[in-house]
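One letter stands for each residue in the lines below.
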Amino acid sequence: MATDLIGAYIACDAPGQAISMLERLAPSHSTVFWWNALIRRAVRLGFLEDVLGLYRKMQRHGWRPDHFTFPFVLKACGELPSFLRGASVHAVVCAKGFESNVFVCNAVVTMYGRCGALDEARQVFDDLCERGIGDVVSWNSIVAAHVQGGDPRNALKLFDRMTDDRRICPDAVSVVNILPACASVGAWSQGKEVHGFAVRSGLVEDVFVGNAVVDMYAKCGMMDEASKVFKSMMVKDVVSWNAMVTGYSQIGRFEDVLALFKKMRENNIELNVVTWSAVIAGHAQRGHGYEALDVFRHMQVCGSEPNVVTLVSLLSGCAAVGALLHGKETHCYAVKCILNLEGSDPGDDLMVINSLIDMYAKCQSSKVARMMFDLISPKCRNVVTWTVMIGGYAQHGEANDALELFFEMLGQENLMKPNAFTISCVLVACSRLAALRLGKQIHAYVLRNQLESVMVFVANCLIDMYSKSGDIDAARLVFDNMKQRNAVSWTSLMTGYGMHGRGEEALLVFDEMRRAGWVPDGVTLVVVLYACSHAGMVEQGIKYFDSMSKEFGIVPGVEHYACLVDLLGRAGRLDEALKLIEDMPMEPTPIVWVALLSACRTHPNVQLGEYAASRLSELESENDGSYTLLSNIYASARRWKDVARVRSMMKHTGVKKRPGCSWVQGKKGTATFFVGDWSHPLSRQMHVILEDLIQRIKAMGYVPETSFALHDVDDEEKGDLLFEHSEKLALAYGILTTPAGAPIHITKNLRVCGDCHAAMTYISKIIDHEIILRDSSRFHHFRKGSCSCGGYW
DNA sequence: GTAGGGTTAG
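Keep in mind the model is a prediction, meaning the values are calculated, not measured.

Undergrad: Can you explain the overall build of chain A? Please cite residues and give values.
TA: Of the regular secondary structure elements, chain A holds 43 helices and 6 strands. Taken over the C-alpha atoms alone, chain A extends approximately 110 × 60 × 50 Å along its principal axes. In chain A, buried positions account for 51% of the 793 residues. For chain A, restricting intrachain contacts to residue pairs at least 6 apart in sequence, the fraction spanning at least 24 positions comes to 62%.

Below, the structure is given as structure tokens:
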């Protein structure tokens, strides 16, 4: 009688009444059923903490959980997820002798899987197998644990073992579990086998299975296969259609997406938020932010409610095109409609916040990004939060801030483990700063954590870091040791050789690349031309440029023309460079005119320089570099009035010359110097050294090239100004702090000054160091009185 | 037991 009442209470969701009645009953076998019923109800309703409360309460009142109780309780632990509580339930399972109950043990495996405890899950599973009581559910559980735990490769291995085991017959769940794993590692041939199995066993008629097959092919980019399966499906639902939409969106076939939309309407399938989000994401991932925004608008017109996923995709689109205003609108929308909604997953909120930080950083608003970052309490941040902020800094010339934040991340109380993304961002920052010492430490970290073996990306960043930090041979070593390479690996190495003026080697790599079967793209050709230009290989460069379309099927873009202008200009062939610009099939962009203007500085030509500068200012008036170049051109012609005019023009238009800045990586960190910056504690000694060196090289024939000083003052004073250039200060500091015989590495934010270049060439003859100077475009190795650039500074 | 999402390189 009492138990009937309890059942009724449970059925009408009055658990309090049911519990108080149960507590008044004496423990007997029949009433465990009602505790289980209560617990099951709580699991269904998602009251996970209540499940555990009931579990404790029933034990306090003397009832023993049975083989029905444990799976529910374990499910609650897995969904919370709470490893500690799950493990203690597992301990009780063992203590009460339930380890031979496969039903209970399968639930333990699933629970551990949900908690990310793959080793524990595996141990329970292996135990089941050893005792020969594992069933298909056990196998499905352990495979699912590996798929969800981010270990798809082992999931695939386990699935293979499962199909080899004759006692086990995979079911629909097995197939639906394993196909996403195939897709995530691009194992389409294994996916094809699973598909074959599904067909032979008839499972493919299950709409879940069919969807999983379509999804697998679509994610592998095999839309013909996906389409074939899709068409053959007797029963389709919106998930089937969305799998196709996603597939086409990912490979950018949006006209096929539109065709699907039409058919969906014909079949009365309503587009849902997943459909729209997938298309938005497809555009965003291809860098088509404005198309993503269009789809978003369309979605709203159609009355579909965006959700977290929609916003995250949309923000990545805004970030890709630097659409700050749209990003801000999306931010407002998120605050109004999405963030902090009752019952929303806090992980989802963090994802939106991470996307917002990334969007602001990529839209040049790193201050706003940092404000958002600081607003999140450190214990709520995850590794992506840190990475987007570090990456934002690294990419926008705030490399020091990037590194500072990275160290802050490492010092967090709740241990934050950098992942491959974080490491890539940090390496970008190292590259910018030429921070070789830190870069090497990061490399060691990469090796210890085996990040490079799975991540071509990280190794590519290492190549870039080493070559931009002055150690191109180390870059080569990283390259040679890569098990897998992609086109970026090759071009990174070529860029390195190009920057170091080792054009022949860059071209050898280019040949190697082609022999290895890689098809060069537009970027590769830019690098090839750049290498030719910086090594003075004019004829070679022209040949490559002329054969681009024929040999590689690449139509020269404006960036290739700019390279060729640079190439001709460096060689002093200014008329040809101008003719090339005039004959260009497209409108020249600023980089083209800057290339010509630089050439007019290297090979003084006032008239052409003026022309280039005027064309440049039509396109962008705020380029401080172009004013400096023009002023240098006038100065070298000793046209001081024009120099003054340019300076007043700069003042008038509010263009500020970026201050020259050089730095040296020493054992105790970085020492940074600005022009005329004598604030360093070693300044006195630096001054003495410079004075002495300049005296000595003057005796060797060095004549200060005062035209670089940008001032109309008498020569003696200009000599002083040259004396104070940041790269000379950095050199003096390097000499003071670098052990004899070791190279001095200097990095400068702008192009090296011609006088400094000349002075360093002389100085390298009399000091016991090689000087390796990286400026904004390339490396200069000064050794024994000559420079690797061969005068093409 | 099925679908969509945030961070990385030339």
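Moving on from the model shown.
Undergrad: Which residues make up the protein's contact with DNA strand B, and what values do they have?
TA: Close contacts around DNA strand B come from 54 residues, with Asn-211, Asn-242, Asn-354, Gln-395 and Thr-491 the closest. When atoms of DNA strand B within 4 Å of the protein are split into backbone and base, the sugar-phosphate part holds 39%. Taking Gln-250, its side chain carries an N or O atom lying 3.3 Å from a phosphate oxygen of DNA strand B. Looking at which element gives the most residues to the surface near DNA strand B, the answer is helix 21 (residues 346–362), with 6 residues. Among the residues making up the surface near DNA strand B, the classes are represented as 24 nonpolar, 22 polar and 8 charged.

Undergrad: Could you give an account of the environment of Arg-122, naming the residues involved and the relevant values?
TA: Turning to its location among the elements, Arg-122 is positioned in helix 8 (residues 118–130). Apart from the residues lying within four places of it in its own chain, the contact partners of Arg-122 are Ile-142, His-146, Leu-158 and Arg-161.

Undergrad: Mind laying out the side chain of Ser-366, listing which residues take part and the relevant values?
TA: Structurally, Ser-366 can be placed in helix 22 (residues 366–375). Within polar-contact distance, the side chain of Ser-366 engages the side chain of Glu-398 at 3.2 Å. Every residue in contact with Ser-366, bar those within four places of it in the chain, is listed here: Tyr-360, Ala-361, Met-389, Tyr-393 and Glu-398.

Undergrad: Give a detailed account of the UniProt feature "repeat: PPR" (unreviewed entry) in chain A, specifying residues and quantitative values.
TA: Here, the residues flagged by UniProt with the feature "repeat: PPR" (unreviewed entry) are residues 31–65, 101–135, 206–236, 237–271, 272–306, 382–412 and 486–520. Helix makes up 74% of residues 101–135 and strand makes up 0%, while its end C-alpha atoms are separated by 11 Å. Along residues 382–412 one finds 81% helix and 0% strand; the C-alpha atoms at either end are 11 Å apart.

Undergrad: Residues and numbers for the nonpolar core, please.
TA: Counting 224 residues, the largest nonpolar core has Ile-357 and Leu-596 as the members making the most contacts within it. With residues near it in sequence (within four places) discarded, Ile-357 still touches Ala-369, Met-372, Phe-373, Ile-376, Thr-385, Val-388 and Met-389. With 33 residues, the next largest nonpolar core counts Leu-731, Ile-763, Ile-771 and Cys-787 among its residues.

Undergrad: Please give an account of the domain arrangement of chain A that cites residues and values.
TA: Splitting chain A by domain gives domain 1 (557–657) and domain 2 (662–787). Placing the centre of domain 1 and that of domain 2 at their C-alpha centroids yields a distance of 27 Å.

Undergrad: Before we move on, can you summarise helix 23 (residues 383–395) with the specific residues and values?
TA: With 13 residues, helix 23 ought to run about 18 Å at 1.5 Å a step, and its terminal C-alpha atoms sit 18 Å apart, in line with that. Burial analysis of helix 23 places 10 of its 13 residues in the buried class, which makes it a mostly covered element. Listing the buried residues of helix 23 in full gives Thr-385, Trp-386, Thr-387, Val-388, Met-389, Ile-390, Gly-391, Gly-392, Tyr-393 and Ala-394. On its buried face, helix 23 is in contact with helix 21, helix 22, helix 24 (399–410) and helix 25 (420–433). Here helix 23 starts with a cap whose side-chain oxygen sits 3.1 Å from the backbone nitrogen of Val-384, and that cap is Asn-382. Phi turns positive one or two residues past the end of helix 23, at Gly-397, with a value near 70°.

Undergrad: Mind laying out the pattern of salt bridges, listing which residues take part and the relevant values?
TA: Tallied over the full model, the rule gives 29 salt bridges. Between Arg-167 and Asp-165 there is a salt bridge, and its shortest N-O distance comes to 3.2 Å. Here Lys-362 makes a salt bridge to Asp-358, at a shortest N to O gap of 3.0 Å. Within this pair, Lys-362 and its partner Asp-358 are both found in helix 21, separated by 4 residues, close to a single helical turn. Among the charged side chains, a salt-bridge network with shared partners connects Glu-610, Arg-639, Asp-642 and Arg-645.

What counts, and where the lines are drawn
- Residues numbered from 1 in each chain as written.
- Chains lettered and ligands numbered in written order.
- Predicted model: local features only at pLDDT ≥ 70, side-chain atom pairs only at ≥ 80, totals over all residues.
- Heavy atoms only, no water.
- Helix = DSSP H or I, 4+ residues; strand = E, 2+ residues; numbered from the N terminus.
- Buried < 20%, exposed > 50% of the residue type's maximum accessible area, 1.4 Å probe, protein only.
- Contact = heavy atoms within 4.5 Å.
- Near = heavy atom within 4 Å.
- Polar contact = N/O pair within 3.5 Å; in protein donor to acceptor, adjacent residues only side chain to side chain.
- Nonpolar A, V, L, I, M, F, W, Y, C, P; charged D, E, K, R; others polar.
- UniProt positions renumbered as here; feature names shortened; annotations may be inferred.
- Core = buried A, V, L, I, M, F, W, Y, C linked by side-chain atoms within 4.5 Å.
- Domains from an automatic or database assignment.
- Expected span 1.5 Å × (residues − 1).
- Salt bridge = Lys/Arg side-chain N within 4 Å of Asp/Glu carboxyl O.

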